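# Per-entry structural report
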Amino acid sequence: MSHGPPHSHEPAAISLQPDEGWHCSHFYYAFDRGVLASMHDAAHADARREILEILDPEAAEAPERLQTSVVAGDKADFGLMLMDPDPLRIESVNQRLLSSRYGPALKPCYSFVSMTEISEYVPSLEQYAERLRAEGEEEESAGFKAKMKAYEGRLPAMNQQRLTPEFPAWPATCFYPMNKKREVGENWFLTEFDQRNRLMAEHARSGMQFAGKVSQLITVGVGLEDWEWGVTLWARNPQFLKEIVYKMRFDEASARYAEFGLFYTSYITTAVEMLSHCRVGV
Ligand code: 76R
């Protein structure tokens, strides 16, 4: 089969952008205090200006989303969460940082490359109706109709939030990678769809109990990363991070099938606040 216009020798346009949704990268860095100590005051002033430009979410070259946070513990000093349709626009932030005046003082600690998607477990309108029926709602009842109408109303915005999210203005965030088990007898990927769907519905119900306290973004690493998913949580208060993850450990989807990588907990800041917090160039 031939692709592209007939009789054309032009290569088909190549794009790195997904049909829908965005690329996403999480980056974590630590400062090398020895290198910082060897820099003169004037060099710090220039380096600060430069790093603040690179981390300015409003800058012309900035990806669609750029969030800076200061990391708790010694896994890293600060983190970036970056999203854009163009993966190179995201990666260029990392390269511009590393090649900047502060570049020699930056040690990359961890990164996670992923993309957004609408999970196959997000119920369509028909599947949502199915769930309501399964929960014993009468098809003709006013309650059933009201719930269907409400779901139909919020689904487009929810899907947009999954694909091209606005970051919540909440101060605490936590990122961790996760897999679903592939072991003999406990293989998520050999489990029937209905069963997975049932477990994910249970999972979603426990998640919804944290509405107003925790907001989640699941990005997919399958085919791109060492782990299958990246979990980004934002919380009004860090105690909710602890509460939600504990609660979910009891959901069968997590209890039986989930495997987790390292957790990176951090607090959202501006780039200026991050530099002051890390006592860099101040
Ligand atoms: O997207 C949606 O809100 C629809 C329901 C839903 C899906 C499909 C949902 C709801 N999640 C979904 C998918 Mn989730 N989620 C996690 C973790 O720590 C743990 O035990 C697991 C890490 C948390 C804390 C969390 C929170 N979820 C997924 C998937 C992808 C599975 C796939 O596609 O195969 C993973 C790996 C995963 C893991 N989830 C919610 C939450 C919360 C808080 C909700 C409710 C969202 C809301 O209220 O809008």
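All residue numbers refer to positions counted from 1 along the written sequence of the respective chain. Only residues with pLDDT of at least 70 get local features here, since the model is predicted, and only at 80 or more are side-chain atom pairs given and counted; chain-wide, interface and lining totals rely on the full set of residues. The basis for the side-chain values is all heavy atoms of the structure; hydrogens and waters are excluded.

Relative to strand E11 (residues 264-269), strand E2 (residues 65-71) is paired through four bridges, and the arrangement is antiparallel. Note that in E11 the partner of Val 71 across the bridge is Ser 266. As paired elements, strand E5 (residues 172-180) and E11 share four bridges and run antiparallel to each other. Paired with Phe 175 across the strands is Tyr 264, a residue of E11. Any two strands with at least two DSSP-identified bridges between them are counted as paired. Helix and strand definitions here come from DSSP, where helices need a minimum of 4 consecutive H or I residues and strands a minimum of 2 consecutive E residues; each element is numbered from the N-terminal end.

On to the coordination of the manganese atom of the ligand. Sites may look incomplete because water is not among the atoms; the donors themselves are N, O and S atoms within 2.8 Å of the metal, or within 3.2 Å for Na, K and Ca. Exactly one donor from the protein chain reaches the manganese atom of the ligand: His 203 (NE2), at 2.2 Å. By the secondary structure assignment, His 203 is in helix H6 (residues 193-208).

For the rest of this paragraph, the subject is the site of the ligand. The environment of the ligand is formed by 20 residues, the closest being Ser 119, Arg 162, Tyr 176, His 203 and Ser 254. For this analysis, a polar contact is any N or O atom pair within 3.5 Å, provided that within protein one partner can donate a hydrogen and the other can accept it, and provided that sequence-adjacent residues contribute only side-chain to side-chain pairs. Between the ligand and Ser 119, the relevant distance is 3.1 Å, taken from an oxygen atom to a side-chain nitrogen or oxygen of the residue. Elements with a contribution of two residues or more to the shell around the ligand: E5, H6, strand E8 (214-220), strand E9 (229-235) and helix H7 (238-249). Among the elements that make up the shell around the ligand, the one with the highest residue count is H6 (five residues). Residue composition of the shell around the ligand, by class: 14 nonpolar, five polar and one charged. Whether a residue is near a molecule or strand depends on its heavy atoms: if one lies within 4 Å, it is near. Nonpolar residues are Ala, Val, Leu, Ile, Met, Phe, Trp, Tyr, Cys and Pro. Charged residues are Asp, Glu, Lys and Arg, and all others, Gly as well, are polar.

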